[in-house]
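Each chain is listed here by its residues.
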Amino acid sequence: MKSPLTLEPLFHLGPVAVTEPVVVSWAIIALLGIGSALATRRLAVLPSRGQALIELVVSTIDAQISGTMQTDPAPFRALIGSIFLFTLASNWSSLIPGVEPPTAHIETDAAMALIVFVATIAWGIRVRGLRGYLATYAEPTWVMIPLNVVEQFTRTFSLIIRLFGNVMSGVFIIGIILTLAGLLVPIPLMALDLLTGAVQAYIFAVLATVFIGAAVGERHSVSAEPKP
Amino acid sequence: MRIDWQTLALQTINVLILVAILARFLFRPVVAIMDERREAAAKLLADAETEKTKAVAAREAAETEAARIAASRDAVLREASEAANAQREAALAAAREEADQVRSSAETETRWARAAEESAASDRSARLAVDVARKLVARLPDQARIDGFVDGLAQALAALPEASRGGFGAGDAARLIAPRALTAAELQSTRDALAKALGRTVDFAVVVDPAVIAGLELETPHAVVRNSFREDLKRIAEELTRHDGKGL
């Protein structure tokens, strides 16, 4: 059994070593991209069942963003929605025999957390302005500046570790049990992994929404002109 | 455990590419179709609201028109009622006037008819009285039908004006009309009475006429002296049948 904490390159593209999480991520991206293109190819005002399901997913994501940020979800829909769908697809990819979910490797989780980290700062500055965004670190008082700066990193780190720990542990446990007990014993744990994967994808997306929303501030319109 | 920075960079790029792909092929078209549906629904609602507004306006216009028609109908009915009342009053007045005229005519005709009936009844009564008198006189003795009238004839002759009396029976032949043939004594007494009244004798021819009933009548071409029941009854009948209120 391979350790989920180590990565071995599958092949190299020039100087770049391509590991398994990258390949699986490509497969997931291809699946989601092609599936989306096919599903949205013939959208109609009177929706079919499939279109209604897709619209339900998008509407739910919009409702979650609106409920959390109290603002128009359109600017954040692509990022939050994509992170949620990618995390969910990655977590559930463990159901395919021989496939390790990319989120079971810390590089994938760190990549998404890094994107959220950068997006938080970028939208904060765009909406509040540089001075306004920096002023948020002095809330409620300037004494809190060090703690707020540290929190900015620790919450991103916790975002990484939470997803990585849950998914990696699930894969690790299933691998151990599969090694020790046999073929059918891990099935209940795999079902549990489905639930855990969905919950972790939801938590990751919601926390990303909360972080960005906190940086933007309630009732601030993202489409507003940036403050000088 | 160590972090593979190349994998981290590739995964970061992968996630960003996925964000771009899903934004292009999933979220944008789905949101567009949802917005299109929302706009269509809003347009439908707006159209429905417009149609509703038009319908409300049309209904209000119809109600206004109905109220106007009702008012016009009431006015027409009122005018018609007033005209009908006026015509009825006029018809009643005309009918009343005509009825008055008819009643007046009927009353006049009734009066005339009553007067005619009264006149006819009076005539019948007079004729009846004359017939009764004629029948009663006819029962008198033949002698009484002559004797009692000789003196009366002489007195009537004597009462004539002198000019009439002088020419009476002088040239022309006189006729003595009697109800029956006179006896010789009656004829003689008559001659005597006439001679006494005229102061001269009078030659006359006796003519029998039962219509005289009783009495004598003396006629000449220029004068007549009557003393008979026929003449009396004739005069009585004339008096009875006069309708000028001056009769008997």
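What counts as what
- Residues numbered from 1 in each chain as written.
- Chains lettered and ligands numbered in written order.
- Predicted model: local features only at pLDDT ≥ 70, side-chain atom pairs only at ≥ 80, totals over all residues.
- Helix = DSSP H or I, 4+ residues; strand = E, 2+ residues; numbered from the N terminus.
- Buried ≥ 20, exposed ≤ 12 C-beta atoms within 10 Å, placed from the backbone.
- Contact = placed C-beta atoms within 7 Å.
- Expected span 1.5 Å × (residues − 1).
- Arc of directions from axis to C-beta.
- Axes fitted to C-alpha atoms, helices over the stretch in contact; angles between N-to-C directions.
- Left-handed = near helix turned anticlockwise from the far one by under 90°.
- Nonpolar A, V, L, I, M, F, W, Y, C, P; charged D, E, K, R; others polar.
- pLDDT = per-residue confidence, 0-100.
- Pairing = 2+ DSSP bridges.
- Parallel < 35°, antiparallel > 145°, perpendicular 65-115°, else oblique.
- Core = buried A, V, L, I, M, F, W, Y, C linked by C-beta atoms within 7 Å.

A.B. asks: Describe the overall build of chain A, and please don't skip the residues or the numbers.
C.D. replies: Along chain A, the regular secondary structure elements total six helices and two strands. Listing every helix and strand of chain A by position from the N terminus yields β-β-α-α-α-α-α-α. Expressed as a percentage of the 228 residues in chain A, the buried residues total 36%. Within chain A, residue pairs in contact and separated by at least 24 positions form 68% of the contacts whose partners lie at least 6 positions apart.

A.B. asks: Lay out the overall build of chain B with the relevant residues and their values.
C.D. replies: A count of helical and extended segments in chain B gives five helices and four strands. Mapped from its N terminus to its C terminus, chain B presents α and β elements in the order α-α-α-β-α-β-β-β-α. Counting only residues that meet the buried cut, chain B has 18% of its 248 residues in that class. Put simply, 76% of the contacts in chain B that link residues at least 6 apart link residues at least 24 apart.

A.B. asks: Let's hear about helix α4 (residues 184–198) of chain B: which residues, and what values?
C.D. replies: Residues and elements named next belong to chain B. Spanning 15 residues, α4 covers 21 Å between terminal C-alpha atoms, matching the ideal 21 Å at 1.5 Å per step. Turning to α4, its buried residues number three or more, namely Thr190, Leu194 and Ala197. Seen end-on, α4 carries its buried residues on one side only, within an arc spanning 60°. Within α4, the exposed residues directed more than 90 degrees away from the buried face are Ala184, Ala185 and Gln188. Each element contacted by the buried residues of α4 is listed here: α2 (144–158), β1 (174–178) and β3 (215–219).

A.B. asks: Describe the packing of helix α4 (residues 106–135) of chain A against helix α5 (residues 145–180) of chain A, naming the residues involved and giving the relevant values.
C.D. replies: Residues and elements named next belong to chain A. Remark: α4 packs on α5, axes separated minimally by 9 Å, with the N-to-C direction vectors making an angle of 145°. Where α4 crosses over α5, the handedness of that crossing is right-handed. Counted together, Ile106, Asp109, Ala110, Ala113, Val116 and Phe117 of α4 and Thr156, Leu159, Ile160, Leu163 and Phe164 of α5 form the full contact between these two elements. Looking at the contact of α4 with α5 residue by residue, the class counts come to nine nonpolar, one polar and one charged.

A.B. asks: Quick one: what's the story with the confidence of the model for chain A, residue by residue and with numbers?
C.D. replies: Residue and element names in this part refer to chain A. This prediction gives chain A a mean pLDDT of 88; 93% of its residues lie at or above 70. No element of chain A has a lower mean pLDDT than strand β1 (residues 9–13), at 86, and none a higher one than helix α3 (residues 74–92), at 95. Note that pLDDT drops below 50 for residues 223–228; the model gives that stretch eight contacts with residues more than four away or on any other chain.

A.B. asks: Let's hear about the interface of chain A and chain B: which residues, and what values?
C.D. replies: Listed per partner, the contact involves 36 residues of chain A and 29 residues of chain B. Here the side of chain A that touches chain B gets nine residues from one element, more than from any other, and that element is helix α1 (residues 20–39) of chain A. Its residues assigned to classes, the side of chain A that touches chain B shows 25 nonpolar, eight polar and three charged.

A.B. asks: Help me get a handle on the sheet that holds strand β4 (residues 224–228) of chain B, residues and values and all.
C.D. replies: Residues and elements named next belong to chain B. Taken in spatial order, the four strands line up as β2-β1-β3-β4 in an open sheet, and their pairing is mixed. Looking at which strands have only one partner, the edges of the open sheet turn out to be β2 (204–208) and β4. Across the sheet, the mean angle from the axis of one strand to that of its neighbour is 20°, orientation sign disregarded. Taken together, the five bridges between β1 and β2 define a ladder with parallel strand orientation. Counterpart to arginine 175 in the pairing with β2 is alanine 205.

A.B. asks: Break down the packing of α4 of chain A against helix α1 (residues 5–138) of chain B for me, with residues and values.
C.D. replies: One way to put it is that α4 of chain A packs onto α1 of chain B with a least axis distance of 8 Å and a crossing angle of 55°. It follows that α4 of chain A is oblique to α1 of chain B by the angle criterion. Crossing geometry of α4 of chain A relative to α1 of chain B is assigned as right-handed. Of the residues in α1 of chain B, those touching α4 of chain A at Glu107, Thr108, Ala110, Ala111, Met112, Leu114 and Ile115 of chain A are Thr7, Leu8, Gln11, Thr12, Val15 and Leu16 of chain B. Of the residues assigned to the contact of α4 of chain A with α1 of chain B, the class counts are eight nonpolar, four polar and one charged.

A.B. asks: Hey, could you go over the nonpolar core for me, with residue numbers and the actual values?
C.D. replies: Ile80, Ile83, Phe84 and Ala208 of chain A together with Leu22 of chain B are the most contacted members of the largest nonpolar core, which totals 52 residues. Broken down by secondary-structure element, the contributors of at least two residues to this core are α1, α2 (49–69), α3, α4, α5 and α6 (187–216) of chain A together with α1 of chain B. Each residue touching leucine 22 of chain B, except ones within four places of it in the same chain, is listed here: Leu32, Ser36, Ala78, Gly81, Ser82 and Leu85 of chain A together with Phe27 of chain B. Ile146, Val150, Leu157 and Ala214 of chain B belong to the second-largest nonpolar core, a separate cluster that totals 19 residues.

A.B. asks: Tell me about α1 of chain A, and please be specific about residues and values.
C.D. replies: Over its 20 residues, α1 of chain A extends 28 Å from the first C-alpha to the last, a length consistent with the 28 Å expected when each residue adds 1.5 Å. Every buried residue belonging to α1 of chain A is among Pro21, Val22, Val24, Ser25, Ile28, Leu32 and Ser36 of chain A, and all of these are buried. Angular distribution of buried residues about the axis of α1 of chain A spans 160°; they occupy a single face of the element. Relative to its buried face, α1 of chain A has exposed residues pointing more than 90 degrees away, namely Ala30, Leu31, Ile34 and Leu38 of chain A. Structurally, α1 of chain A contributes buried residues whose contacts are with β2 (16–19), α3 and α4 of chain A together with α1 of chain B.

A.B. asks: A description of unusual backbone geometry should follow, citing residues and the corresponding values.
C.D. replies: Look at the link from glutamate 139 of chain A to proline 140 of chain A: it is a cis peptide, with omega at -5°. Among the secondary structure elements, proline 140 of chain A is positioned in the loop between α4 and α5. The residue glutamine 70 of chain A is not glycine, and still its phi comes out positive at about 55°. When you line up the elements, glutamine 70 of chain A lands in the loop between α2 and α3. Despite not being glycine, isoleucine 213 of chain B shows a phi value in the positive range, around 70°. Inspection of the secondary structure assignment puts isoleucine 213 of chain B in the loop between β2 and β3.

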